[in-house]
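# Structural description and commentary
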Amino acid sequence: MKYRYGLLGCISLIGLLGLVEENPAFYPFLAFLLFFQYLFVTPDEMFIANMRKAAAWAFYADLAAVTAVTVWSGLRSENLHQGLAAGMGMGFGLALIVFSFATTWFDWRERRGLTND
């Protein structure tokens with residue numbers, strides 16, 4: 001499928017559901033609106049490399065957030081499961097934000113002709 005990265009924008013429908021239901025827990029999904037622009041981009045090697053790099057950044061941000069929040073919550077209370085759930089929620093939200101902004105940043109740099117290190 002040639003334009004599959006643009007279909008990531010469909011995940012933003014969950015954020016729209018949050019707007020309808022007035023549930024702020026779904027608002028981070030609205031960050032995926034940025035990906036509808038990729039429906040009109042023919043992916044090349046640099047584009048795919050940028051998407052992979054952004055996914056790696058998001059994974060490590062998620063891992064760091066889950067670890068930090070779980071350890072911090074576990075030290076404050078006896079219930080480690082509650083800390084793990086909070087860490088996973090914070091990590092997922094952070095991963096969404098990091099992935100969205102990293103792909104936008106890499107795309108902006110590529111359009112300007114700057115090299116990605």
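For the structure itself, look to the data block above.
Below is a short write-up of the structure.

The subject of this paragraph is the overall build of the protein chain. Looking only at helices and strands, the protein chain features three helices and zero strands. When the helices and strands of the protein chain are listed from N to C terminus, the series reads α-α-α. Sorting the 117 residues of the protein chain into buried and exposed places 30% on the buried side. Taking all contacts inside the protein chain whose residues are at least 6 apart in sequence as the whole, residues at least 24 apart take part in 65%. Summed over its atoms, the accessible surface of the protein chain is roughly 7,800 Å², and 69% of this surface lies on carbon and sulfur atoms.

Right, let's get into helix H1 (residues 12-21). Inspection of H1 places Ser-12, Gly-15 and Gly-18 among the buried residues, and these make up the whole buried set. Take H1 and look down its axis: the buried residues cluster within an arc of 100°, on one side only. The exposed residues of H1 that point more than 90 degrees off its buried face are Leu-13, Val-20 and Glu-21. Positioned one or two residues after H1, Glu-22 has a phi angle of 60°, which is positive.

To continue, consider the nonpolar core. Membership of the largest hydrophobic core comes to 14 residues, with the highest contact counts inside it found for Tyr-5, Phe-35, Tyr-38, Phe-47, Met-51, Ala-54 and Phe-99. Looking at this core, the elements that each hand over two or more residues are helix H2 (45-76) and helix H3 (80-111). Take this core: its biggest share by element is five residues, from H3. Apart from residues lying up to four places away in sequence, Met-51 is in contact with Tyr-5, Leu-8, Phe-35, Phe-99 and Thr-103.

What follows deals with unusual backbone geometry. Despite not being glycine, Glu-22 shows a phi value in the positive range, around 60°. Here Glu-22 is to be found in the loop between H1 and H2.

Another point: the packing of aromatic side chains. Enumeration according to the criterion identifies six aromatic pairs in this entry. Note on Trp-57 and Phe-106: the rings are 5.1 Å apart at their centroids and 70° apart in plane angle, and the pair reads as edge-to-face. Of this pair, Trp-57 sits in helix H2 while Phe-106 sits in helix H3, placing them 49 residues apart in sequence. Classification of Trp-57 as partly exposed rests on a relative accessible area of 45%. Judged by relative accessible area, Phe-106 falls into the buried class, the value being 3%.

What counts, and at which threshold
Residues numbered from 1 in each chain as written. Predicted model: local features only at pLDDT ≥ 70, side-chain atom pairs only at ≥ 80, totals over all residues. Heavy atoms only, no water. Helix = DSSP H or I, 4+ residues; strand = E, 2+ residues; numbered from the N terminus. Buried < 20%, exposed > 50% of the residue type's maximum accessible area, 1.4 Å probe, protein only. Contact = heavy atoms within 4.5 Å. Areas by Shrake-Rupley, 256 points an atom, 1.4 Å probe, with all protein chains shown as cover. Arc of directions from axis to C-beta. Core = buried A, V, L, I, M, F, W, Y, C linked by side-chain atoms within 4.5 Å. Phe/Tyr/Trp six-rings, centres within 6.5 Å; stacked < 30°, edge-to-face > 60°.

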